[in-house]
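# Structural overview
The chain contents come next:
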Amino acid sequence: MDLSPLQYGLGAGAGSLVGFTLGLVGGGGSILAVPLIVYLVGVKDPHLAIGTSAFAVAANAFANLLNHARHGTVKWKIAGLFALAGVFGAFLGSSLGKAVDGQKLLALFAVLMLVVGVLMLKGRSATGDPDVVLTPGNAPKLVGAGALTGIMSGFFGIGGGFLIVPGLMVSTRMPIYYAVGSSLVGVTAFGLTTAFNYALDGWVDWPLAAVFIGGGVLGGLLGARLAKALSGQKGLLNTVFAGLIFVVAFYMLYRSAGALGLIG
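Residues numbered from 1 in each chain as written. Predicted model: local features only at pLDDT ≥ 70, side-chain atom pairs only at ≥ 80, totals over all residues. Heavy atoms only, no water.

## Digging into the confidence of the model for the protein chain
Confidence in the prediction of the protein chain, expressed as mean pLDDT, is 87, and 94% of residues score 70 or more. Taking the mean pLDDT of every element in the protein chain, the minimum, 82, falls on helix α10 (residues 234-259) and the maximum, 96, on helix α4 (residues 76-99). (pLDDT = per-residue confidence, 0-100. Helix = DSSP H or I, 4+ residues; strand = E, 2+ residues; numbered from the N terminus.)

Given below as structure tokens:
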């Protein structure tokens, strides 16, 4: 698909917005990538939007992973097993996603966004065992949670951090700050797997992904700086962002219903 210079500019702007929300509120921000690519940039093929988004989100997650690694908040063995199980799930999920009609996929994506919005309104406990390690007891839980999360991530072409973080916490009882850092291993791996699978059918616009990533880096820096200034209003920020997610989700449902001929 040949995009105009204006559309690539809009792609950079969309990437900046996603990066900004990620820096400001953390997990969940990348859920806006697909609707922005479809409705703002104007990519008509939902599969192309999902494949392109998956690569951009993976690149953004990797950049954030390096930062968490420097601060020692990544449990590598646990994250590695979770990601390994999830990669197979992501390949299966993305293969299923490619077989689904694009507009139906967007409608399902909108329903997922509503779930994400609800989860963002619920606070997560910061308690847990900071010394948790990979054991024969938690390994099966990690494999199961990783595989299921990978399937969801691949099917919708999302990073899945909002699913991975609670999955890691439930499976190992690790604190949220370790779960967030460790989740980025899975987000990177799942995104790359999904992008690779979509790229096999030509459903990744590499130039658009590049400008989206570039915009995301800048937006992420701005969002992170603002987050420090507003750190005492984290709950309010999550509430406002969840509201935005609800609005976009209902708009997507409306557009998808129209495209599928369910409404006039």
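Moving on from the model shown.
## Some remarks on the packing of aromatic side chains
Across all of its chains, the model carries 6 aromatic pairs by this definition. Taken together, a centroid distance of 5.0 Å and an interplanar angle of 85° make the contact between Phe 55 and Trp 206 edge-to-face. With a gap of 151 residues between them, Phe 55 in helix α3 (residues 46-70) and Trp 206 in helix α9 (residues 206-229) connect regions that are remote in the sequence. Note on Phe 55: relative accessible area 25%, which makes it partly exposed. Both rings, one in Tyr 198 and one in Trp 203, keep their centres 5.9 Å apart while their planes meet at 50°; by these two values the pair is tilted. Judged by its relative accessible area of 0%, Tyr 198 is buried. By the ring-pair criterion, three or more aromatic residues cluster together here, those being Phe 109, Phe 155 and Phe 156. In this structure, Lys 75 packs its charged tip against the face of Tyr 178, placed 4.6 Å from the ring centre. (Phe/Tyr/Trp six-rings, centres within 6.5 Å; stacked < 30°, edge-to-face > 60°. Buried < 20%, exposed > 50% of the residue type's maximum accessible area, 1.4 Å probe, protein only. Lys NZ or Arg CZ within 6 Å of the ring centre and 35° of its normal.)

## Re helix α7 (residues 161-172)
With 12 residues, α7 extends 16 Å between its outermost C-alpha atoms, agreeing within 8% with the 16 Å of an ideal straight helix rising 1.5 Å per residue. Listed as buried for α7 are Phe 162, Ile 164, Val 165, Gly 167, Leu 168, Met 169, Ser 171 and Thr 172. Where α7 is buried, its residues meet α4, α5 (102-121), α6 (139-156) and α8 (176-199). Arg 173 occupies a position one or two residues after α7 and carries a positive phi of about 65°. (Expected span 1.5 Å × (residues − 1). Contact = heavy atoms within 4.5 Å.)

## Some details on the side chain of Asn 60
Along the chain, Asn 60 falls in helix α3. Taking relative accessible area as the criterion, Asn 60 reaches 19% and is therefore assigned buried. Contacts of Asn 60, omitting those with residues within four sequence positions, involve Leu 22 and Gly 216.

## Quick word on the side chain of Lys 98
Among the structural elements, Lys 98 can be located in helix α4. Polar side-chain contacts of Lys 98 include one of 2.6 Å to the side chain of Asp 201. Once residues within four sequence positions are removed from consideration, Lys 98 is found in contact with His 47, Asn 197, Tyr 198, Asp 201 and Trp 203. (Polar contact = N/O pair within 3.5 Å; in protein donor to acceptor, adjacent residues only side chain to side chain.)

## Details of α8
Under the 1.5 Å per step criterion, the end-to-end length of α8 is 33 Å for 24 residues, consistent within 8% with the ideal 34 Å. Across the 24 residues of α8, 18 count as buried, placing the element largely inside the fold.

## Notes on the pattern of salt bridges
Under the definition given, this model contains 1 salt bridge. Across the pair Asp 201 and Lys 98 runs a salt bridge whose closest N-O atoms are separated by 2.6 Å. With Asp 201 in the loop between α8 and α9 and Lys 98 in helix α4, this residue pair connects regions lying 103 residues apart in the sequence. The class for Asp 201 is partly exposed, based on a relative accessible area of 45%. (Salt bridge = Lys/Arg side-chain N within 4 Å of Asp/Glu carboxyl O.)

## Comments concerning unusual backbone geometry
Despite not being glycine, Arg 173 shows a phi value in the positive range, around 65°. Residue classification places Arg 173 among the exposed residues on the basis of a relative accessible area of 55%.

## Here's the deal with the packing of α3 against α8
Running from N to C, α3 and α8 cross one another at 150°; their axes reach a closest spacing of 7 Å. The angle between the axes of α3 and α8 places the two elements in the roughly antiparallel class. Crossing hand, α3 versus α8: left-handed. Seen from α3, the contacting residues are His 47, Ile 50, Gly 51, Ala 54, Phe 55, Val 57, Ala 58, Ala 61, Phe 62, Asn 64, Leu 65 and His 68; seen from α8, they are Val 180, Gly 181, Leu 184, Val 185, Val 187, Thr 188, Gly 191, Leu 192, Thr 194, Ala 195 and Tyr 198. Broken down by class, the residue content of the contact of α3 with α8 amounts to 15 nonpolar, 8 polar and no charged. (Axes fitted to C-alpha atoms, helices over the stretch in contact; angles between N-to-C directions. Parallel < 35°, antiparallel > 145°, perpendicular 65-115°, else oblique. Left-handed = near helix turned anticlockwise from the far one by under 90°. Nonpolar A, V, L, I, M, F, W, Y, C, P; charged D, E, K, R; others polar.)

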